[in-house]
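# Report on the structure
Spelled out, the chains give:
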Amino acid sequence: MKKNLAIILAGPLVLICLGTAALSQSQDQGKEELKLQLPKPMFIGTPRNIKTTNLEVITGKPRGPFFVPKGTALVSLKKAVISSDMQPVIGELSFVTDAEKSGEDGYFVELGPGKQWVQIDLKAEFDLNAILVWHYHSQARVFRDVVVQVSDDKDFIKGVTTVFNNDHDNTSGLGIGKDKEYIETNEGRLIDPKGAKARYVRLYSNGNTSNDMNHYVEVEVYGAPAK
Amino acid sequence: MNKAAFRGLFFIIVVGALLFRLLGLDLRPMHHDEANQAVKFGRLLEKGEYRYDPSDHHGPSLYYLTLPLAWAFSKTTLASLDEVILRLLPALFGAGVLLLLLLFVKGMGRTAVFFAGLFAALSPAMVYYSRFYIQEMLFVFFVIGFLGSLWRYLLYPWTAWALSAGLCAGMMYATKETSVIVFAAAGLALILTMVFQKIKPQTPYHFIAPGFANFFLGLIVAFLAAAAFFTSFLKNRQGIWDSLAAFKTYFEKSGADGFHIQPWPYYFKLLAFSKSGGGPLWSEALILALALVGIVSAFALRRQKWAVPSPARFIFLYTLFSAAVFSIIPYKTPWNLLPFYAGFIILAGIGAAFLLDLFAKIPVKALVLLVLAGGIYHLGLESYRANFVFYADPANPYVYAQTGTDFLKLVKRVTDVAAIHPDDKKMLIKVICGPYETWPLPWYLRGFERVGYWQDAGEAGTLFDAPVIISDQDQAAKLRPLLEDKFQSEYYGLRPGVFLVLHIREDLWQEYLKRSLHGSIFYGDVILKRCRNRP
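This section reports on the structure supplied with the text. (Residues numbered from 1 in each chain as written. Chains lettered and ligands numbered in written order. Predicted model: local features only at pLDDT ≥ 70, side-chain atom pairs only at ≥ 80, totals over all residues. Heavy atoms only, no water.)

### Considering the overall build of chain B
Regarding its fold elements, chain B presents 23 helices and five strands. Computed over the C-alpha atoms, the radius of gyration of chain B is 26 Å, within 12% of the 24 Å expected from 2.2 N^0.38 for a compact globule of 535 residues. Overall, chain B is about 85 × 55 × 45 Å in size when its C-alpha atoms are taken along their principal axes. Each of the 535 residues in chain B was classed as buried or not, and the buried ones make up 59%. (Helix = DSSP H or I, 4+ residues; strand = E, 2+ residues; numbered from the N terminus. Rg over C-alpha atoms; globule rule 2.2 N^0.38 Å. Buried < 20%, exposed > 50% of the residue type's maximum accessible area, 1.4 Å probe, protein only.)

Below, the structure written as structure tokens:
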């Protein structure tokens, strides 16, 4: 009796399920791909040829004031610079800390293609409060995979703190960065190391939007004697 | 130079010219203008659709003459085309210019034609724009064909030369609107050459003015050739009227304030001395200097050693008038120098032969040859640098509003993320850019089936349905609050100082990161191989 009751109850249930499935299939069969009419590109003549230097601020607004602890000073001036490319294509590594920030030819050092770094030895440990970087600003460019690290280890093996990283796809293998890419301007890029203690500052880049080379006009590191 | 030596040497020059023009045709990223022309050609190839646009993009010959090439490679769609097939056409016409120089052998002499051929084969400007899918090199080919046919007609007033001149004139008109400048310059040069020949004959030869019948026949052939192309082979009868209406547009454009306004010496500065961006010095001064010698020879007291006069006067007058008009017109782009620069090249050939002829003593002749060889080597080296090293570098004077190699990295990224998207080539891509920032995207995205183009973010509808959005900088600023950090954004250089921003939806980006960090190989790697920078 119980067996018959189960069949009586299960039968309609199975029928309902099969019916729903069939209905749903018929609805799928009744569907068709929505053909989107996407707008076509507009044909237009030769664009402007830009060859002139561009020293204007592209971001629109000048950078606001940046506050640092009292006693903070420029600690990188004329300090020794080494690099992954010790024979630059153009210029000299000393340009990085020579206080010359002009965007013209003769003021920047050009390192070889691909991932390269420069490293500044501050000669002592400092509480770092600001790092200002000018890669190249005579033309609007975006430098790829900019990573800035500080450490007390000259080989950057231990005690490394990353204070800036916009390598969002980890091309350089230093970890995925969350900082944004930016267009170079004469204002330079201000990085906040948030008081990290270090003697060495290392800056990585991996080519730019105009070519695969790496450039530095100037790097300024501001700090106070380590407490 | 005897006939056999000339044949052998000229053959070597033509082969060299072909090599310079054909190797690595896909090295340089497609220029904005090339991409425009390529997509227009794609429509003709796929649907048989072409309608002359009197407001821009020049004449129809480029598209119709590309058709046989595409068919020869069994290409029937835009997506199946590539840069090599398209650029093959101007490359062949660029090398063809050398063969047309043979029309001037009578009167000019074999040595002069040999040098003119050598200069045409190696000139960085001539080689660079022979590798450029725009109308210019076709135009130069027809200009030289027209001048050569006129010259031959002047020497031997046969109907065949009148017909040949007419055909070239028609093709010039069907190629570029600036053909009217060449017509006027060549016509005036022809009349003055006949006048000079009367006043101060180089030889006792008497030119015969073109007879009415031959002139009329040439005109008919010119009209038929131009009409065939402008009417899209009788599919668009309005085309022939539009070709006339275009002159109003181009006349207005030539003097209007705009991107391409330059002072009159622009072309000569470009050719004589260019240096920028820390790059090397560029100069085709050798050709200009030898052309001056050629001009002197045209009016020198010495009599021609041939029975027929030299074309030097005719070419000089043509070059003078056309260079003057092109220089006076405020609108200038570097490729516009070619129709008159071709005249300089012929004159330089005459100048080189004149110099060698001038000095009878063997040591002096050898010294002249040595100097010429040094100059020619330098020209070849510059041409190599312009076309194989600095092909997209603004330090190259012929690089103008050129797409940078960084742009190819954007194409690679789009191709890579599409490869892991379930829709692959059907993935929806929204391009939100101003018209000048849109190109050459339509060429590089030709393999994707769902690409939409808008000029304003507000018009592009829902943004989150597109896994990939490409915008210019202005639109990126508008998109930023709309995308709400749900897209990963990356900058790519389009041209110097001009950026595109690629926005990849976060879900796709994370998947891409996951796979790329595990070393998957993407289709785009093929494209990146072409992306080479200067050393």
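On we go.
### Brief notes about the packing of aromatic side chains
All names here are of chain B. Summed over the entire model, instances satisfying the criterion amount to 42 aromatic pairs over all chains. Here F407 and Y444 contribute two aromatic rings whose centre-to-centre distance is 5.2 Å and whose plane-to-plane angle is 65°, an arrangement assigned as edge-to-face. Taken together, the residues F407 in helix α18 (residues 406–420) and Y444 in helix α20 (residues 441–444) connect sequence positions 37 residues apart. For F407, a relative accessible area of 0% corresponds to the buried category. In textbook terms, an aromatic cluster arises when at least three aromatic residues are bridged by ring pairs, as seen for Y128, Y129, F132, W335, Y398 and Y400. (Phe/Tyr/Trp six-rings, centres within 6.5 Å; stacked < 30°, edge-to-face > 60°.)

### Digging into helix α10 (residues 179–199) of chain B
All names here are of chain B. In this model, α10 (21 residues) spans 30 Å end to end at C-alpha, consistent with the 30 Å of a helix rising 1.5 Å per residue. Taken together, the buried positions of α10 are occupied by S179, I181, V182, A185, A186, A189, L190, T193, M194 and Q197. Where the residues of α10 are buried, they touch α8 (136–155), α9 (159–173), α15 (312–328) and α16 (338–358). (Expected span 1.5 Å × (residues − 1). Contact = heavy atoms within 4.5 Å.)

### Overview of the nonpolar core
Ranked by size, the top nonpolar core spans 176 residues in total, and within it F41, F119, I429, L445 and I470 of chain B carry the most contacts. The dominant element in this core, judged by the number of residues it contributes, is α8 of chain B, at 15 residues. Beyond its immediate chain neighbours, meaning those up to four positions away, F119 of chain B contacts L286, I287, L290, I345, A348, G349, A352, I376 and L379 of chain B. Formed by 33 residues, the second largest nonpolar core is a distinct cluster that contains V81, I120, V150 and I191 of chain A. (Core = buried A, V, L, I, M, F, W, Y, C linked by side-chain atoms within 4.5 Å.)

### What about a nonpolar patch on the surface?
Residues and elements named next belong to chain B. A surface patch of nonpolar side chains, amounting to about 650 Å² of accessible area, comprises M1, L9, F11, I12, V15, L19 and L23. Of note, V15 is situated in helix α1 (residues 3–22). Since its relative accessible area comes to 35%, V15 is described here as partly exposed. (Patch = residues over 30% accessible without salt bridge, like charges linked within 9 Å, V, L, I, M, F, W, Y side chains within 5 Å. Areas by Shrake-Rupley, 256 points an atom, 1.4 Å probe, with all protein chains shown as cover. Salt bridge = Lys/Arg side-chain N within 4 Å of Asp/Glu carboxyl O.)

### A short note on unusual backbone geometry
For the bond from W439 of chain B to P440 of chain B, the omega torsion is 10°, close enough to zero to count as cis. Checked against the element boundaries, P440 of chain B lands in the loop between α19 (435–438) and α20. Within the chain, A99 of chain A stands out as a residue other than glycine whose phi angle is a positive 70°. Relative to the helices and strands, A99 of chain A is located in the loop between β2 (81–83) and β3 (109–111). One non-glycine residue, D145 of chain A, adopts positive backbone phi at about 50°. Inspection of the secondary structure assignment puts D145 of chain A in the loop between β4 (115–134) and β5 (147–151). Residue classification places D145 of chain A among the buried positions, given a relative accessible area of 5%.

### Focus on helix α17 (residues 362–389) of chain B
Over its 28 residues, α17 of chain B runs 39 Å from end to end, which matches the ideal 40 Å to within 8%, given 1.5 Å per residue. All buried positions along α17 of chain B are accounted for by V368, L372, G375, I376, L379, G380, E382, S383, A386, N387, F388 and V389 of chain B.

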